[in-house]
Amino acid sequence: MDAAAADAYLARIGATRPASPDAEALRGLHLSHLHSVPFENLSIHLGEEIVLAEQPLLEKIVRARRGGFCYELNGAFALLLSALGYEVELFSARVFGPDGLGIPYDHLALRVQTPNGPWLADVGFGRNSHYPLRWDSRDEQADPSGVFRIEQTSEGDLDILRDGEPQYRLEQRPRAHADFEVGCWWHQTSPKSPFTQSLVCSRLTGNGRVTLSGRTLVTTGADGARDERQVGEDEVLAVYREHFGIVLDREPEVGEAGRGTGTR
């Protein structure tokens, strides 16, 4: 990513170029990204191609002002951080679900090295920590989203826990973007993938979170207060535009999964 592309990305998330690639700047960039770029799976249900390469990612997230899911969001964030001088590595994780761990390459997360140590950065996991977590700490780490802890398993992997509940299991082996293509394709096409079965668009706000799940708009306050309402067919596109900055020419519909030919 060149300097102009990095500046455009920073403008997209409402951030300024940091003076140095340190932990404090990383915290600010992480939070700005969560506030500005929604977690969404709309491409699957619009039949859009998803490509894990620099230019397509920047075209979608920066120029088209869209969001994405883990492979796109963390993949693009890694490009930005690298352009700003951070040392960034990609890691594979398997998400804990009702039936246990998900598939290999189920999730992509980042290890970011700073002068005072490594951090786990993840702007692609829905309700996750607002700020990066210290990678090499096994203590509890307080965050506005909860209390997080990183535990090492007997096999040498890392379990990420939120309020005592395991979220995902990280392998401690750096990967490349191309390594995630098969898992990404599976999540776009498999009837077992949660992403093919539902529509979600969610963004952290200054005082909570706003989520459009199908046609259900959920607004959550910082105190946990929850407001939920059904959105009419004639409102859907306006809600995407107003709450997420996403401009669409038609409403995505569950059932179009797999029509795109790219990868997540």
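Residues numbered from 1 in each chain as written. Predicted model: local features only at pLDDT ≥ 70, side-chain atom pairs only at ≥ 80, totals over all residues. Heavy atoms only, no water.

Engineer: Describe the environment of Thr 16, and please don't skip the residues or the numbers.
Structural biologist: Among the structural elements, Thr 16 can be located in the loop between helix H1 (3-12) and helix H2 (23-36). Sequence-wise, Thr 16 and Leu 29 are 13 residues apart; in three dimensions their C-alpha atoms are separated by 8.7 Å. (Helix = DSSP H or I, 4+ residues; strand = E, 2+ residues; numbered from the N terminus.)

Engineer: Describe in detail empty space enclosed by the protein, supporting the description with residues and values.
Structural biologist: For the structure shown, the criterion picks out 1 cavity of 30 Å³ or more. What the largest cavity holds in volume is close to 60 Å³. If you trace the largest cavity, you find it lined by Leu 34, Val 37, Pro 38, Phe 39, Val 123, Phe 125, Gly 126, Ser 202, Arg 203, Leu 204 and Arg 209. In terms of residue count, the dominant contributor to the lining of the largest cavity is strand S11 (residues 200-205) (3 residues). A breakdown of the residues in the lining of the largest cavity according to their chemical character gives 7 nonpolar, 2 polar and 2 charged. (1 Å grid on protein atoms, 1.4 Å probe; cavity = no way out; pocket = protein on both sides within 12 Å on 5 of 7 lines; lining within 4 Å. Points joined across faces, edges and corners; volume = space filled by probe spheres on them. Nonpolar A, V, L, I, M, F, W, Y, C, P; charged D, E, K, R; others polar.)

Engineer: Pulling in residues and values, what's your account of the pattern of salt bridges?
Structural biologist: For the structure on display, the rule yields 13 salt bridges. Across the salt bridge formed by Arg 215 and Glu 251, the nearest N and O atoms sit 2.9 Å from each other. With Arg 215 in the loop between strand S12 (208-213) and strand S13 (216-221) and Glu 251 in the segment after helix H8 (236-244), this residue pair connects regions lying 36 residues apart in the sequence. Residue Arg 215 is classed as partly exposed on the basis of its relative accessible area, which comes to 33%. Given the relative accessible area of 19%, Glu 251 is considered buried. (Salt bridge = Lys/Arg side-chain N within 4 Å of Asp/Glu carboxyl O. Buried < 20%, exposed > 50% of the residue type's maximum accessible area, 1.4 Å probe, protein only.)

Engineer: Tell me about the side chain of Glu 251, residues and numbers included.
Structural biologist: Separated by 2.9 Å, the side chains of Glu 251 and Arg 215 make a polar contact. Once you skip the residues sitting within four places of it in the chain, Glu 251 turns out to touch Leu 46, Arg 215, Glu 233, Val 236 and Leu 237. (Polar contact = N/O pair within 3.5 Å; in protein donor to acceptor, adjacent residues only side chain to side chain. Contact = heavy atoms within 4.5 Å.)

Engineer: A description of the packing of aromatic side chains should follow, citing residues and the corresponding values.
Structural biologist: All told, the structure shown has 8 aromatic pairs when counted by the stated rule. Geometrically, the ring pair formed by Tyr 240 and Phe 244 is tilted, given 6.4 Å between the ring centres and 50 degrees between the ring planes. In this pair, Tyr 240 and Phe 244 both sit in helix H8, 4 residues apart, roughly one turn of the helix. Here Phe 244 falls in the buried class, since its relative accessible area comes to 4%. Members of the aromatic cluster, joined through ring pairs, are Phe 39, Phe 69, Tyr 71, Tyr 105, Phe 180 and Phe 195. A cation over an aromatic ring shows up here: Arg 27 above the ring of Tyr 131, its NZ or CZ 3.9 Å from the ring centre. The positively charged end of Arg 134 is found above the aromatic ring belonging to Trp 119, 5.5 Å away from the centroid. (Phe/Tyr/Trp six-rings, centres within 6.5 Å; stacked < 30°, edge-to-face > 60°. Lys NZ or Arg CZ within 6 Å of the ring centre and 35° of its normal.)

Engineer: Which residues make up helix H5 (residues 70-83), and what values do they have?
Structural biologist: For H5, which comprises 14 residues, the first-to-last C-alpha distance of 19 Å matches the rise-based estimate of 20 Å (1.5 Å per residue) to within 8%. Most of H5 is tucked away: 12 of the 14 residues are buried. Looking at H5, one finds that the buried residues are Cys 70, Tyr 71, Glu 72, Leu 73, Asn 74, Gly 75, Ala 76, Phe 77, Ala 78, Leu 79, Leu 80 and Leu 81. Following H5 by one or two positions, Gly 85 has its phi on the positive side, about 105 degrees. (Expected span 1.5 Å × (residues − 1).)

Engineer: Tell me about the pairing of strand S9 (residues 158-162), and please be specific about residues and values.
Structural biologist: With respect to burial, S9 is a largely interior element, 5 of its 5 residues being buried. Neither face of S9 is open: one carries Leu 158, Ile 160 and Arg 162, the other Asp 159 and Leu 161, and all of them are buried. Here strand S8 (residues 146-152) pairs with S9 via 5 bridges, running antiparallel. In the sheet register, Phe 148 faces S9, and the bridge partner there is Arg 162. As consecutive antiparallel partners, S8 and S9 are separated by 5 residues, and within that stretch Gly 156 has a phi angle of approximately 95 degrees, a positive value. Sheet topology note: the S9/strand S10 (residues 165-175) ladder contains 5 bridges and is antiparallel. Among the inter-strand pairings, Asp 159 is bridged to a residue of S10, identified as Arg 169. (Pairing = 2+ DSSP bridges.)

Engineer: Break down the confidence of the model for the protein chain for me, with residues and values.
Structural biologist: Taken over all residues, the pLDDT of the protein chain has a mean of 93, while the share at 70 or more is 97%. Predicted confidence is poor over residues 257-264, with pLDDT under 50, and the contacts of this stretch with residues over four places away or in other chains come to 34 contacts. (pLDDT = per-residue confidence, 0-100.)

Engineer: Please give an account of unusual backbone geometry that cites residues and values.
Structural biologist: Phi is positive for Arg 65, close to 55 degrees, though the residue is something other than glycine. On the secondary structure map, Arg 65 appears in the loop between helix H4 (54-63) and H5. One non-glycine residue, Tyr 105, adopts positive backbone phi at about 60 degrees. Tracing the chain through its elements places Tyr 105 in the loop between strand S3 (100-101) and strand S4 (107-114).

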